[in-house]
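Below are the chains, spelled out letter by letter.
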Amino acid sequence: MSKDVAVLGVGMHPWGKWGRNFVEYGVHAARAALADAGVAWTDVQFVAGGDTMRNGYPGYVAGASIAQALGWNGAQVASTYGACATGAQAIDVARARILAGLCDVALVVGADTTPKGFFAPVGGERKTDPDWQRFHLLGATNPIYFGLYARRRMEIYGASPRDFAQVKVKNSRHGFANPNARYKKLYTIEEVMESPIVSDPLRLLDICATSDGGAAVVLTSMEFARKRATKPVRVAAVSTVTPRYPNTVIEMPNFATDSAVGVQVPDVPFRDSIARAAYEQAGIGPEDVSLAEVYDLSTALELDWYENIGLCKPGDAEKLLRDGVTTLGGKQPVNASGGLGCFGEAIPAQAISQLCELTWQLRGQAGERQVAGASVGVAVNQGLFGHGSAVLAVV
Amino acid sequence: MAPAKARVPAVEGWFTLDAKAPQLLGTRCKACGTYFFPKETSFCRNPRCAGTEFEEVPLSTRGKLWSFTDNRYQPPLPYRAGDPFVPYAVAAVELEREKMVVLGQVAGGVGCDQLHAGQQMELVLGTLYEDDANEYVMWKWRPL
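All of these numbers come straight from a predicted model, not from anything done at the bench.

1. What to know about the overall build of chain A
Thought 1: Within chain A one finds 14 helices and eleven strands.
Thought 2: Dimensions of chain A along its principal axes, counting C-alpha atoms only, are 55 × 50 × 45 Å.
Thought 3: Across chain A, contacts joining residues at least 24 apart in sequence account for 76% of those joining residues at least 6 apart.

Next up, the structure:
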């Protein structure tokens, strides 16, 4: 049995700081995806909504909130949350229902409205919640963790802040003509390196912002899609893997890693296992990848991902970047959309927006940021300490 | 002169208050020997261990610097920043015996420019914040 489902339609609400209700972005994206698919909302049988934690109760039942705003159609619904992996999880739930034969047409949608500045824990004094504790006892913001990873690259691989700045320069060029990107400005290395340090060695322009935005995809069975499209983009694999014990890399929001006393460290570390699981499902290798969308919460983290998704060996990411391999026009462009550097994070929408970008690229509809001849795309991210997220799209 | 404030831990039971030689307090699974910090006291997290009994153990007081960074801007609540906010470094320190990495603020105003991966760090106590009655103490790392 084929494990493929079709991406019949994709749509987004532009990222920004619009300050409106997240449901509105979700409906905008959903309507765009339905129009792109040529499917009526009333024909959607299943809705998978990506939840947001920062918009009160409607955000915890995002699937129903957005379905209600689209007009109740009686579809079955799920609302899912997995931090930054929320979107991949929603995609996977819809995919599994289609592959199980429980439905033919599913709408996957995520949207967010974010506060300004550092992400802080949700309200209330929760003294036993590690997310509350890390802010209270350490002041460990998200950039603190990004800074630790960035410094580690410098210390063990000889990466430099200039390399990190180069990632921003590259992505700012990629996203410059993307109508859905929030930041459309071409940066120079000097501008990045003159921006204020937030968490050494990372500067303001190395770190992604928090944004409002929405993204949606219409997933269908291959049989349904073939009646409507000659060569639809397919989702060939979704990975939502957890780590294997012990995870010896410090993860948000933890104070410590697992201990490796008593249990041998797994051969494949968590972040390497995320895309690998998707490659194995699809029988595709990293050498087959035409383009990748990776979760560049920081510029330095994008370099980590090159290695984690198998584009190069550990320690070679800077060379890959400097050689232009991951720049548009190179062999394996990374973040052709502009990435989080141009978008900022709209958590439940992010993994869905990655699939939107892969779909436009694989259809050859990405305009000025088109990756020539793209046939295989991988999108990867991670939800906090334990939610892997990877989607492989092929055409 | 105001009476001396009481020194109380910023979090109960995670470390000792011995000013000269403070120790982090973790637990160790009695069945498989795996360490946990913060303490695990109910079910062992080794996926192949059914352990439910733990002993409290002090963790190594020295370790090797895995990585480091700093906070140049005041973190949001519930962090209780001083006024004015003073930037500080954060260290991730690898404990050899426990084979784990533990975070902590870096004590004594030591900045990133004085740190490098691999250097020896030791556990000390420092003030996290104060209110009218108490000084809230936290573990910190300091280069040896």
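Still more ground to cover, so stick around.
2. Let's talk about the sheet that holds strand β3 (residues 76–80) of chain A
Residues and elements named next belong to chain A.
Thought 1: Across the sheet, which stays open at both edges, the nine strands sit in the order β3-β2-β4-β7-β1-β8-β11-β10-β9 with mixed pairing between neighbours. Because the sheet does not close on itself, it has two edges, and the strands there are β3 and β9 (291–294). Neighbour-to-neighbour, the strand axes of the sheet open up by a mean angle of 25°, direction not taken into account.
Thought 2: Two strands pair when backbone bridges link them, and β9 and strand β10 (residues 376–383) are joined in this way by four bridges, in the parallel orientation.

3. Considering the nonpolar core
Thought 1: Membership of the largest hydrophobic core comes to 160 residues, with the highest contact counts inside it found for A:I91, A:V108, A:V217, A:L219, A:V391 and A:A393.
Thought 2: Residues in contact with A:V391, not counting those within four places in the same chain, are A:A88, A:I91, A:V235, A:V238, A:A278, A:A351, A:Q354, A:L355 and A:A379.

4. Observations regarding the interface of chain B and chain A
Thought 1: Each partner contributes residues to the interface: chain B has 38 residues there, and chain A has 34 residues.
Thought 2: Its residues placed into classes, the side of chain B that touches chain A shows 25 nonpolar, eight polar and five charged.

5. Description of the packing of helix α1 (residues 22–37) of chain A against helix α3 (residues 62–70) of chain A
All names here are of chain A.
Thought 1: Orientation of α1 relative to α3, taken along the N-to-C sense of each, is 65°, at an axis distance of 9 Å. On the basis of the axis angle, α1 is roughly perpendicular to α3. Here α1 runs over α3; the crossing is right-handed. Here α1 contributes V23, G26, V27 and A30 to the contact with α3, which in turn contributes S65, I66, A69 and L70.

6. Quick word on the pairing of strand β2 (residues 46–50) of chain A
Residue and element names in this part refer to chain A.
Thought 1: Most of β2 sits out of view: five of its five residues are buried.
Thought 2: Sheet analysis places β2 next to strand β4 (residues 105–112), joined by five bridges and oriented parallel. Of the residues in β4, the one forming a bridge with V47 is L107.

7. Examining α1(A)
Residues and elements named next belong to chain A.
Thought 1: Under the 1.5 Å per step criterion, the end-to-end length of α1 is 23 Å for 16 residues, consistent within 8% with the ideal 22 Å.
Thought 2: Extensive coverage of α1 is indicated by the burial of twelve of its 16 residues.
Thought 3: Among all positions in α1, only F22, V23, Y25, G26, V27, H28, A29, A30, A33, L34, D36 and A37 are buried.
Thought 4: In the core, the buried residues of α1 are packed alongside β1 (5–16), α2 (57–60), α3, β4 and β7 (212–220).
Thought 5: Phi for G38, located one or two positions after α1, is positive at around 70°.

8. A closer look at the environment of B:R142
Residue and element names in this part refer to chain B.
Thought 1: With respect to the secondary-structure elements, R142 resides in strand β9 (residues 134–143).
Thought 2: Taking the C-beta count within 10 Å as the criterion, R142 has 16 such neighbours and is therefore assigned partly exposed.
Thought 3: Along the chain, R142 and V57 lie 85 residues apart, while their C-alpha atoms are 22 Å from each other.
Thought 4: If near-sequence neighbours (up to four positions away) are discounted, R142 is found in contact with V106, A107, G108, V110, M121, E122 and V124.

Cut-offs and rules
Residues numbered from 1 in each chain as written. Chains lettered and ligands numbered in written order. Predicted model: local features only at pLDDT ≥ 70, side-chain atom pairs only at ≥ 80, totals over all residues. Helix = DSSP H or I, 4+ residues; strand = E, 2+ residues; numbered from the N terminus. Contact = placed C-beta atoms within 7 Å. Pairing = 2+ DSSP bridges. Axes fitted to C-alpha atoms, helices over the stretch in contact; angles between N-to-C directions. Core = buried A, V, L, I, M, F, W, Y, C linked by C-beta atoms within 7 Å. Buried ≥ 20, exposed ≤ 12 C-beta atoms within 10 Å, placed from the backbone. Nonpolar A, V, L, I, M, F, W, Y, C, P; charged D, E, K, R; others polar. Parallel < 35°, antiparallel > 145°, perpendicular 65-115°, else oblique. Left-handed = near helix turned anticlockwise from the far one by under 90°. Expected span 1.5 Å × (residues − 1).

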